[in-house]
Amino acid sequence: MPKKVSEYMTRKVITIEPQAGLREAFFLMRDEAIRHLPVTSADGALIGIISDRELRRPGWVDESPEIGHEYQLTDDLHVSDVMITDVISVHTYETLTKAVGILLEHNVGALPVLDKNGDLVGMLSAVDLLRAFKHSLDAQKYDKKKRAVAS
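Okay, so let's go over this structure. Predicted, not measured: the structure shown is a model, and the values here were computed from it.

Focus on helix α5 (residues 96–106)
Every α-helix winds through 3.6 residues per turn, so residues three or four apart in the chain are directed the same way. Along α5, the positions that sit buried rather than exposed are L96, A99, I102 and L103. Looking straight down α5, one finds its buried side chains confined to an arc of 120°; they lie on one side. Set apart from the buried face of α5 by more than 90 degrees, the exposed residues are T97, L104 and E105. One or two residues past the end of α5 sits N107, with phi positive at roughly 55°.

Examining unusual backbone geometry
The phi dihedral of A33 falls on the positive side, at around 55°, and the residue is not glycine. With respect to the helices and strands, A33 occurs in the loop between α2 (22–32) and β1 (36–40). You can call A33 exposed: its relative accessible area is 69%. Backbone geometry places N107, a non-glycine residue, at a positive phi of 55°. The residue N107 is located in the loop between α5 and β4 (110–114) in this model. The class of N107 is exposed, set by a relative accessible area of 60%.

Concerning the pattern of salt bridges
One pass over the full model with this rule turns up six salt bridges. Here E7 makes a salt bridge to K3, at a shortest N to O gap of 3.7 Å. Its relative accessible area of 42% is what places E7 among the partly exposed residues. Across the salt bridge formed by D128 and R131, the nearest N and O atoms sit 3.1 Å from each other. Placement of both D128 and R131 in helix α6 (residues 126–150) is noted, with a separation of three residues, approximately one turn of the helix.

What to know about the pairing of β4
Within β4, five of the five residues are buried, which leaves it mostly tucked inside the rest of the structure. Going residue by residue along β4, you find A110, P112 and L114 tucked away on one face and L111 and V113 tucked away on the opposite face as well. Pairing geometry for strand β3 (residues 90–91) and β4, over two bridges, is parallel. Pairing of V90 across the sheet is with V113, part of β4. For β4 and strand β5 (residues 120–125), the ladder comprises five bridges, and the chain directions are antiparallel. Bridging across to β5, V113 finds its partner in G122. In this antiparallel pair of consecutive strands, β4 and β5, the connection spans five residues, and G118 shows a positive phi of 85°.

Digging into the environment of D115
Locating D115 in the fold gives a position in the loop between β4 and β5. C-alpha of D115 to C-alpha of H91: the two residues are 24 residues apart in sequence and 5.6 Å apart in space.

Quick word on a nonpolar patch on the surface
Together, L130, F133 and L137 line one region of the surface with nonpolar side chains, adding up to about 310 Å² of accessible area. Inspection of the secondary structure puts L137 in helix α6. What makes L137 partly exposed here is its relative accessible area of 40%.

Cut-offs and rules
- Residues numbered from 1 in each chain as written.
- Predicted model: local features only at pLDDT ≥ 70, side-chain atom pairs only at ≥ 80, totals over all residues.
- Heavy atoms only, no water.
- Buried < 20%, exposed > 50% of the residue type's maximum accessible area, 1.4 Å probe, protein only.
- Helix = DSSP H or I, 4+ residues; strand = E, 2+ residues; numbered from the N terminus.
- Arc of directions from axis to C-beta.
- Salt bridge = Lys/Arg side-chain N within 4 Å of Asp/Glu carboxyl O.
- Pairing = 2+ DSSP bridges.
- Patch = residues over 30% accessible without salt bridge, like charges linked within 9 Å, V, L, I, M, F, W, Y side chains within 5 Å.
- Areas by Shrake-Rupley, 256 points an atom, 1.4 Å probe, with all protein chains shown as cover.

This is the structure we're talking about:
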């Protein structure tokens, strides 16, 4: 039976609001050892996502080769200035196979996980998927040993 996203997602979701400063976001991500930070409205609705990639160098910095932008990580810029608003997500009931396909198709490192009501309930990262892959390999190895003993 295919494994579901809910079995491997990280349930502890750390979020930030759009008006928070970029420096605040950086330190939150560093202190929590995360690379993807969902952005939520005051009522908890998912409205964006920010990754360490946007903090290192937002896309608008390189919008034109003729224009040079100095970019410094300060609280003068807000999360809303660099967050991705077209959020790609998965649902708890979807399969890991589908989630892997979405990660690869969109070249992202993590996906917010929504429940059937559309509420943010987790994050599924490439690391979570590696954990699922390891469990699958361990199960195959166990089955192989079990068959060898039975023979």
